[in-house]
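Breakdown of the fold
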Number of protein chains: 2
Amino acid sequence: MSQSQPASARSGVVELDAIDRHILAILQRDARIPNTELADEVGLTPAPTLRRVRRLEEEGIIHRYVALLDPKQVGRDLMVVVRVTLDKQTKQGFETFAEHMRNRPEVLECYLCLGDTDYLLKVCLPDLDAYQKFLVDVLAAIPGVRNTASTIVVKQEKYTTSLSLE
Amino acid sequence: MSQSQPASARSGVVELDAIDRHILAILQRDARIPNTELADEVGLTPAPTLRRVRRLEEEGIIHRYVALLDPKQVGRDLMVVVRVTLDKQTKQGFETFAEHMRNRPEVLECYLCLGDTDYLLKVCLPDLDAYQKFLVDVLAAIPGVRNTASTIVVKQEKYTTSLSLE
DNA sequence: GTTGAAATAACGTAAAC
DNA sequence: GTTTACGTTATTTCAAC
């Protein structure tokens, strides 16, 4: 190796050792585990464990800690995936649409995509009535929306936010 | 009201008052907020605040606490949404497929859907090379998979796990 | 049934090594 | 990475509304 920099400095991606990956795997499962317990699980004492967690937070590898709710128990029984195409694909049109989606709390995810579909949305709502209102009052009201195609979710077979770090 | 039971007991959906919803909104933003601070924000003292949080956990309204990572910083630069249709729609075929998806860490979400599409998948991987391997070695290898259509995500315009509790 | 106050135990955190 | 020490927090108990 003639390079003097480590891989992390060259690529911009921070190098993670086995213990870091172990910490991340655990925190992705249980964000509220006490530091002492986390330290036990990864085979370190609390001090260096806490230093690693703080580093992972500061580097932005750990983006945030969140509580996940049960949608059904809070009255969100309907999930819909929507494919959206825009009339004319201008920078302004894209930005307008994305901004609208960011302002709508029922829109959990919004992705700009390759192919026939311009945007993919994941929308979570109480029922079909609320969804119909969303289609008409929100989506159809955004200038430049040509077409939408809705796929209704019947059953959630898997849902995880955990990235496997192999 | 002639009913002797409260609404929560009748519907199976737990009743949430304004403070509960406030707590849930905060914990969905920051799962690691100290209980003392949470108490301040919702206008209670720590003891009753903690009791409410524990109740929300026990009832399963709070499903879990997780750390969300930055996919790019852990080398997961590619996200793909896949529509899958099965050959014959038998109970066994569905269950086999769903079980395969649950065992694949790169599959973050899997939904059984109405309409032309049988399953929708959200898959997160390092690059297109890894995705090609996933298509050939994983998806195509599952018996009963008739057809797949992949939509590649170019940009994540919005991503949240927070449910708005209006 | 829910809250508030006080006491204890557990934990997070920083320093020195 | 370890040990020690300190301040903060979680958690329980019990009294009050």
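Residues numbered from 1 in each chain as written. Chains lettered and ligands numbered in written order. Predicted model: local features only at pLDDT ≥ 70, side-chain atom pairs only at ≥ 80, totals over all residues. Heavy atoms only, no water.

Observations regarding the sheet that holds strand β4 (residues 119-125) of chain A
Spelled out, the test is: For two strands to be treated as a pair, DSSP must find at least two bridges joining them. Helix and strand assignments follow DSSP, with helices taken as H or I runs no shorter than four residues and strands as E runs no shorter than two, numbered in order from the N terminus. Here an angle of 0 to 180 degrees is reported between the N-to-C directions of two axes, which are lines fitted to C-alpha atoms, with helices fitted over the stretch in contact. Any pair of residues with heavy atoms lying within 4.5 Å of one another is described as a contacting pair.
Within the closed barrel, the eight strands sit side by side as β2(A)-β4(A)-β3(A)-β5(B)-β2(B)-β4(B)-β3(B)-β5(A). Their pairing is antiparallel. Direction aside, neighbouring strands of the sheet carry axes that sit 35 degrees apart on average. As paired elements, strand β5 (residues 145-159) of chain A and strand β3 (residues 107-113) of chain B share five bridges and run antiparallel to each other. Bridge pairing links K158 of chain A to C110 of chain B in β3 of chain B. Along the sheet face, helix α5 (residues 91-102) of chain A touches β2 (78-86), β3 (107-113), β4 and β5 of chain A together with β5 (145-159) of chain B and points at about 15 degrees away from the line of β4 of chain A. Strands in contact with helix α5 (residues 91-103) of chain B are β5 of chain A together with β2 (78-86), β3, β4 (119-125) and β5 of chain B; relative to β4 of chain B, the strand with the most contacts, it is inclined by about 15 degrees.

Quick notes on the protein's contact with DNA strand D
Going by this rule: If even one non-hydrogen atom of a residue comes within 4 Å of a molecule or strand, that residue is called near it. Polar contacts here mean pairs of N or O atoms no more than 3.5 Å apart (in protein, one a potential hydrogen donor and the other a potential acceptor; neighbouring residues in sequence count only if both atoms are side-chain atoms). Gly is placed with the polar residues, together with every amino acid not listed as nonpolar (Ala, Val, Leu, Ile, Met, Phe, Trp, Tyr, Cys and Pro) or charged (Asp, Glu, Lys and Arg).
Contacts to DNA strand D come from L44, T45, A47, P48, R51 and R52 of chain A together with P34, N35, T36, L50 and R54 of chain B. Of all atoms in DNA strand D that approach within 4 Å of the protein, 70% are sugar or phosphate atoms. N35 of chain B places a polar main-chain atom, nitrogen or oxygen, 2.4 Å from a phosphate oxygen of DNA strand D. Between DNA strand D and T36 of chain B there is a distance of 3.1 Å, counted from a phosphate oxygen to a backbone nitrogen or oxygen. Contributing elements (two or more residues each) for the surface near DNA strand D: α4 (46-58) of chain A together with α3 (35-42) and α4 (46-58) of chain B. Class assignment of the residues belonging to the surface near DNA strand D gives a composition of five nonpolar, three polar and three charged.

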